[in-house]
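What follows is the residue order along each chain.
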Amino acid sequence: MTRYVPAGLRGSTAPQCPTSSARRDYGDCTGKYGRYGIPVHRVVDPYAQEVVLHTQPTGTGYTAAHTHTYGTGKLPVPLAGGPTFTLDLDEHPRPGAESNAG
């Protein structure tokens with residue numbers, strides 16, 4: 001699994017889901033990260049071209065999940081302790097992007 005974490009986004013997790021591990025990334029890991037109290041869990045799905053933000057961790061996972069489509073601009077993400085990180089939904093990896101570089 002490739003990790004894509006923009007600078008400044010601390011206290012969160014951000015797996016990028018290959019199709020081979022999507023079930024684990026969406027289900028198993030999301031529940032685990034919520035139980036561990038990770039305040040924001042972000043799943044980047046380049047195949048669906050969307051980002052799912054899981055917030056409000058509980059003992060069984062998260063109580064909130066918000067899906068955002070690539071290319072819809074900037075999204076403010078409140079972090080634990082009060083700061084806000086701005087996630088640019090126009091700058092996420094897309095399938096094949098690595099093979100087209102350079």
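All of these numbers come straight from a predicted model, not from anything done at the bench.

Chemist: Teacher, can you tell me more about the overall build of the protein here?
Modeler: From N to C terminus, the protein includes two helices and eight strands. In the protein, the proportion of contacts linking residues at least 24 apart, taken out of those at least 6 apart, comes to 40%. Carbon and sulfur atoms form 50% of the exposed surface of the protein, whose accessible area is close to 5,700 Å².

Chemist: When you look at the nonpolar core in this model, what are you seeing that I'm missing?
Modeler: If you look at soluble globular proteins, the nonpolar side chains tend to sit buried side by side. If you look at the biggest cluster of nonpolar residues, it comprises 11 residues: Val 40, Val 44, Val 51, Leu 53, Tyr 70, Leu 75, Val 77, Leu 79, Phe 85, Leu 87 and Leu 89. Secondary-structure elements contributing two or more residues to this core are strand E4 (40-45), strand E5 (50-58), strand E7 (74-78) and strand E8 (84-88).

Chemist: Hey, could you run me through the environment of Tyr 33 in this one?
Modeler: Secondary-structure assignment places Tyr 33 in helix H1 (residues 22-35). For Tyr 33, a relative accessible area of 12% corresponds to the buried category. It is 7.9 Å that separates the C-alpha atoms of Tyr 33 and Pro 57, two residues lying 24 residues apart in sequence.

Chemist: Please clarify how the side chain of Thr 55 should be interpreted in this entry.
Modeler: On the secondary structure map, Thr 55 appears in strand E5. Thr 55 sits in the buried class, given a relative accessible area of 19%. Excluding residues that lie within four positions of it along the chain, Thr 55 makes contacts with Pro 39, Val 40, Tyr 62, Thr 63, Ala 64 and His 66.

Chemist: Explain the side chain of His 41 to me, please; I cannot follow it from the model alone.
Modeler: Along the chain, His 41 turns up in strand E4. A distance of 3.2 Å separates polar atoms of two side chains, one belonging to His 41 and the other to Thr 30.

Chemist: Would you mind showing me how to read the pairing of E7 here?
Modeler: The side chains of a regular strand alternate, first on one face of the sheet and then on the other. Here E7 shows a clear split, with Leu 75 and Val 77 buried on one side and none of Lys 74, Pro 76 and Pro 78 buried on the other. Here E7 runs beside E8; their pairing, made up of five bridges, is antiparallel. In the strand pairing of E8, Pro 76 is matched with Thr 86. In this antiparallel pair of consecutive strands, E7 and E8, the connection spans five residues, and Gly 81 shows a positive phi of 90 degrees.

Chemist: Looking at this structure, how should I read the environment of Asp 88?
Modeler: Locating Asp 88 in the fold gives a position in strand E8. Along the primary structure Asp 88 and Gly 73 are separated by 15 residues, whereas in three dimensions their C-alpha atoms are 5.9 Å apart. Each residue touching Asp 88, except ones within four places of it in the same chain, is listed here: Gly 73 and Lys 74. At 2.9 Å, the side chain of Asp 88 forms a polar contact with the backbone nitrogen of Asp 90.

The rules behind these values
Residues numbered from 1 in each chain as written. Predicted model: local features only at pLDDT ≥ 70, side-chain atom pairs only at ≥ 80, totals over all residues. Heavy atoms only, no water. Helix = DSSP H or I, 4+ residues; strand = E, 2+ residues; numbered from the N terminus. Contact = heavy atoms within 4.5 Å. Areas by Shrake-Rupley, 256 points an atom, 1.4 Å probe, with all protein chains shown as cover. Core = buried A, V, L, I, M, F, W, Y, C linked by side-chain atoms within 4.5 Å. Buried < 20%, exposed > 50% of the residue type's maximum accessible area, 1.4 Å probe, protein only. Polar contact = N/O pair within 3.5 Å; in protein donor to acceptor, adjacent residues only side chain to side chain. Pairing = 2+ DSSP bridges.

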